[in-house]
Amino acid sequence: MTDMRRWIWLGAAFVIAVLLYFLHNILSPFLVGILLAYLADPLVDRLERLGLSRTWGVVVVFSLFTLIFLALLLVLVPMLAKQLLRLYELAPQMLDWLQHVALPWVQSRLGLADGFWKFDKIKAAIGEHMGQTTDLVGVLLSQATASSLALIGWLANLVLIPVVGFYLLRDWDLMMAKLRSLLPRQREPQVVGLAGECHEVLGAFVRGQLLVMLALGVIYSTGLMLVGLELGLLIGMLAGLAAIVPYMGFIIGIGAALVAGLFQFGGELYPMLGIVAVFMVGQALEGMVLTPLLVGDRIGLHPVAVIFAILAGGELFGFTGVLLALPVAAVIMVLLRHVHDLYKESDMYAGAIDPDL
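Rules and cut-offs
- Residues numbered from 1 in each chain as written.
- Predicted model: local features only at pLDDT ≥ 70, side-chain atom pairs only at ≥ 80, totals over all residues.
- Heavy atoms only, no water.
- Core = buried A, V, L, I, M, F, W, Y, C linked by side-chain atoms within 4.5 Å.
- Buried < 20%, exposed > 50% of the residue type's maximum accessible area, 1.4 Å probe, protein only.
- Helix = DSSP H or I, 4+ residues; strand = E, 2+ residues; numbered from the N terminus.
- Contact = heavy atoms within 4.5 Å.
- Axes fitted to C-alpha atoms, helices over the stretch in contact; angles between N-to-C directions.
- Parallel < 35°, antiparallel > 145°, perpendicular 65-115°, else oblique.
- Left-handed = near helix turned anticlockwise from the far one by under 90°.
- Patch = residues over 30% accessible without salt bridge, like charges linked within 9 Å, V, L, I, M, F, W, Y side chains within 5 Å.
- Areas by Shrake-Rupley, 256 points an atom, 1.4 Å probe, with all protein chains shown as cover.
- Salt bridge = Lys/Arg side-chain N within 4 Å of Asp/Glu carboxyl O.
- Phe/Tyr/Trp six-rings, centres within 6.5 Å; stacked < 30°, edge-to-face > 60°.

A. Local environment of the nonpolar core. Within the largest apolar cluster, 26 residues are counted, with the highest numbers of intra-cluster contacts made by L224, L229, I275 and F279. Of all the secondary structure elements, the ones that give two or more residues to this core are α7 (188–227), α8 (232–242), α9 (248–265) and α10 (269–295). Sort the elements by how many residues they give to this core and α7 lands first, with seven residues. The contacts of I275, once residues within four sequence positions are left out, are L224, V227, L229, A257, L258, G261 and F265. Listed in part, the 18 residues of the second largest apolar core include Y38, F62, L168 and V201.

Here's what the structure looks like:
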């Protein structure tokens, strides 16, 4: 009977994996809706404790999210678009600076032969590509309207996300209770305990780390713009997104900002020191304030596990795999932790050594 149950579980896992593989193109709006409901559920629970009904709590939270989204759309997106266009305009000058200043300096210091970089071919290829895409808006529009069905599907998915999120959030507690009622009675405490540990890891990482990323993006962007860096907002937001892996945002951000600052300010001391100071302050705030306050001391995912999970999920299932990567990694980590504990308690680990061996 035990073997039969094991085969049933393996068969169910196989069927789920096959369905995910064949249906991953349509799962994105549902997974994003689930993520929104998961992130917003504590807020709605708090509003319920204050006396609001579940439905009205969901309405209030969704209204708040909508206002934040509209504010970002109206304020942040145009600013980022301007900086992207500015980056596009500066790209030829940056290539010239790289070819005539930066690479010759590195070449002289390392004693490399002339023409080692073969930069003329690289520049010609980039210039040819840029010449074919002088109108960024036109290119984007042409790509978006190349297939009317694809455009309609994209818009439908965009509209479907808040609808799915709203209904899932409204019925979240009810669905969790029904799922718990379906668990085998003798296994319910164990399964609920495992689910609680997975929830703790995901809560610490998803809710906490997303807030840390947002805060770091604001700190870096504001600081770089105060220093006077033209691409400060773009680089700051990029560094905030890269902060999903500890220290990666700092490394990518300060590297890109120093290169942009070197090109813009010509190596002037004070602006470059200002750029370094911005990232040092951000890193100090992350370590001493943001992470302890928002993430706490709960055990999260290892940075290497985060990188591998995101890359593997994207390779296997595209954007759907990226959305599934962290929850799956959290579950695997919790299960491996319990397997480790069972191994340490087993006779295989603690058994006596045979003197005849």
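B. The arrangement of the packing of α7 against α8 in detail. Where α7 contacts α8, the two axes come as close as 7 Å, and the packing angle between them is 155°. Taken together, the axes of α7 and α8 lie roughly antiparallel to each other. Of the two elements, α7 crosses α8, and the hand of that crossing is right-handed. Here M213, G217, V218, Y220, S221, L224 and M225 of α7 lie close against α8, whose contacting residues are G232, L233, I235, G236, M237, A239, G240 and L241.

C. View of a nonpolar patch on the surface. A grouping of F69, L70, L73, L74, V75, V77, M79 and M225 is seen on the molecular surface, where their side chains present a nonpolar patch of about 740 Å² in accessible area. Among the elements that take part in the nonpolar patch, helix α2 (residues 54–110) stands out by supplying seven residues, more than any other. Locating F69 in the fold gives a position in helix α2.

D. View of the side chain of E188. The topology assignment puts E188 in helix α7. Classification of E188 by relative accessible area gives buried; the value is 16%. Non-local contacts of E188, meaning those with residues more than four positions away in its chain, are made with R180 and L183.

E. Structural context of the pattern of salt bridges. One pass over the structure, following the stated rule, counts six salt bridges. The partner of E48 in a salt bridge is R54, with the nearest N and O atoms 3.0 Å apart. Owing to a relative accessible area of 11%, R54 belongs among the buried residues under this scheme. In this structure, R54 engages D173 in a salt bridge whose closest nitrogen and oxygen atoms are separated by 3.1 Å. Here R54 is found in helix α2, whereas its partner D173 is found in helix α6 (residues 172–181), with 119 residues between them in sequence.

F. Region of interest: the packing of aromatic side chains. A full pass over the atoms with the stated rule returns five aromatic pairs. Feature note: the residues F62, F166 and Y167 constitute an aromatic cluster, connected by ring pairs.

G. The arrangement of the environment of K82 in detail. For K82, the position within the fold is in helix α2. Residue classification places K82 among the exposed residues on the basis of a relative accessible area of 63%. Sequence spacing of K82 and L231 is 149 residues, and the spatial spacing of their C-alpha atoms is 9.4 Å.

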